[in-house]
Amino acid sequence: MASEREIFSLSGPLYLTAIDWKNTDHRRSVAASLVKSVYILERDRQQNRQGPKALAPPWWEFFHFQLIQVLVDSEDQSYFGAIFQYKFPNSHFNYSYYSTHGQNQNPPKYVIAFRGTIAKKDSRSQDYKLDFRVIRNNLHNSSRFYIALQAVQSIVQNYGPSDIWLAGHSLGSAIALTIGRDMVIKMDIHLETYLFNPPFASLPIEKIKNEKLKHGIRFAHSVVKAGLVAAVKSHRPEPPHKNDHFTILSTWVPYLFVNPSDPICSEYVGYFEHREKMVAIGAGEIGRIATQNSIRSIILTAIGKESEPSHLLPSAFVTVNLSPSPDFKRAHGIHQWWKPDLQCNCKLYQFR
């Protein structure tokens, strides 16, 4: 039996009968729905649901997208991503009309979407192995990442970078984030990127309720990191490009969607807020150093293994879901991001 959450007519954003591409809520909902479709593509494969029995197609066809490629993991043959092409419902649609009315108002020409982890009883599943790679900041060395990066580069090379979206949820958002970073650093290409519940590899300090205690822990953590960076520099100078990468990335502003009740991504809330608090108390320089480094990356640099924490971002447009989440499953789930009654707080953070 299919889950109700897999059936678009029961769980999808049916209220979006007319997409306003200037509306950020609509753009978010479409991106989240396309990511959801990748989960269902894999479920369809696992349960051999083909033809009229397949449940995934309505999740993209409703928004006038066409599936042009499925991304398959070479390790376990699972479907982990998909490339969608927007098919204009109006044959007279003209991109140039939209482009003259401001930035980020076009529909995407292509969307490359990545699903997150699908729970399995086997702890040795490929998804779980990649989750551990995210924690160890080693996702970029996986075959799944390489396949995804090749697919994105191919689309960009063939059709240009404008109006191409990356989107992912959980593990999939880590893949999208790492690809987005690579495109900026190595090719100076800024792709519009939607990251739903992106993993933040750190202790979830944001879950602490006492604000003074939480700020004290963050402040101490920043001072420790700044001190360690200074100590490592005195014995082993940093590669000249390391700080440059963070500065280069500051011009790229991905969209982050986080839930404070989700321990996997909630630390992004504190990560960005703390930078502003450090500036406010006159400790901005310590904050600048701390925001670019993790304890793990500092230690690896100290022993001669260069490491850049890929989850640390200089800039982002952060949307925090303020609606109550009764349990982890709903706090971390993709469905929350197309709810019509979603209560959000949105803020732009830019590294300077």
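Before reading on, note that the structure itself is shown above.
In what follows, the accompanying structure is described. (Residues numbered from 1 in each chain as written. Predicted model: local features only at pLDDT ≥ 70, side-chain atom pairs only at ≥ 80, totals over all residues. Heavy atoms only, no water.)

## Overview of the packing of aromatic side chains
- Tallying each qualifying case throughout the model produces 26 aromatic pairs.
- Look at F196 and F257: their rings are 4.7 Å apart centre to centre, the planes differ by 15°, and that puts the pair in the stacked class. Here F196 is found in strand 5 (residues 192-196), whereas its partner F257 is found in strand 6 (residues 255-258), with 61 residues between them in sequence. Exposure class is identical for F196 and F257. Each is buried.
- Taking the centre distance of 6.4 Å and the plane angle of 90° together, the rings of Y268 and Y271 count as edge-to-face. Residue Y268 and its partner Y271 are both found in helix 10 (residues 267-280); the two are separated by three residues, about one turn of the helix.
- Look at Y271 and you get buried, because its relative accessible area is 10%.
- A network of ring pairs unites the aromatic residues W21, F65, Y86, F88, W165, Y194, F196, Y255, F257, F317 and W337 as a single cluster.
- In this structure, K36 packs its charged tip against the face of Y39, placed 6.0 Å from the ring centre.
- Taking the ring centre of Y79 as reference, the NZ or CZ of R45 above it sits at 5.8 Å. (Phe/Tyr/Trp six-rings, centres within 6.5 Å; stacked < 30°, edge-to-face > 60°. Helix = DSSP H or I, 4+ residues; strand = E, 2+ residues; numbered from the N terminus. Buried < 20%, exposed > 50% of the residue type's maximum accessible area, 1.4 Å probe, protein only. Lys NZ or Arg CZ within 6 Å of the ring centre and 35° of its normal.)

## Digging into the pattern of salt bridges
- Evaluated as defined, the whole model comprises 12 salt bridges.
- A salt bridge links D25 to R28; the nearest nitrogen and oxygen atoms lie 2.9 Å apart. With D25 and R28 both in helix 2 (residues 24-46) and three residues apart, this pair spans about one turn of that helix.
- When its relative accessible area of 5% is taken as the criterion, R28 is described as buried.
- Residues E42 and R45 are paired through a salt bridge, measuring 2.8 Å at the closest nitrogen-oxygen approach. Of the two residues, E42 and R45 are both situated in helix 2; the distance of three residues between them amounts to about one turn of the helix.
- Residue classification places E42 among the buried residues on the basis of a relative accessible area of 1%.
- Salt bridges here are not isolated pairs; linked through shared partners, they connect D73, R115, D127 and R144. (Salt bridge = Lys/Arg side-chain N within 4 Å of Asp/Glu carboxyl O.)

## Let's talk about the packing of helix 6 (residues 143-159) against helix 7 (residues 171-187)
- Contact pair helix 6 / helix 7: the axes reach a minimum separation of 10 Å and the direction vectors enclose 55°. Between helix 6 and helix 7, the angle is such that the two are oblique. Regarding helix 6 and helix 7, the two cross each other, and that crossing is right-handed. Note on element contacts: helix 7 touches helix 6 through L171, I175, T178, I179, D182, M183 and M187, opposite R144, F145, A148, L149, V152, Q153 and V156. (Axes fitted to C-alpha atoms, helices over the stretch in contact; angles between N-to-C directions. Parallel < 35°, antiparallel > 145°, perpendicular 65-115°, else oblique. Left-handed = near helix turned anticlockwise from the far one by under 90°. Contact = heavy atoms within 4.5 Å.)

## Section: the sheet that holds strand 6
- Taken in spatial order, the eight strands make up an open sheet running 1-2-3-4-5-6-7-8, and their pairing is mixed. In this open sheet, the two edge strands, each paired with only one partner strand, are strand 1 (65-72) and strand 8 (344-349). Within the sheet, the average angular offset between the axes of one strand and its neighbour, ignoring direction, is 15°.
- The pairing of strand 6 with strand 7 (residues 316-321) spans four bridges and is classified as parallel. Its bridge partner lying in strand 7, L256 is registered against V318. (Pairing = 2+ DSSP bridges.)

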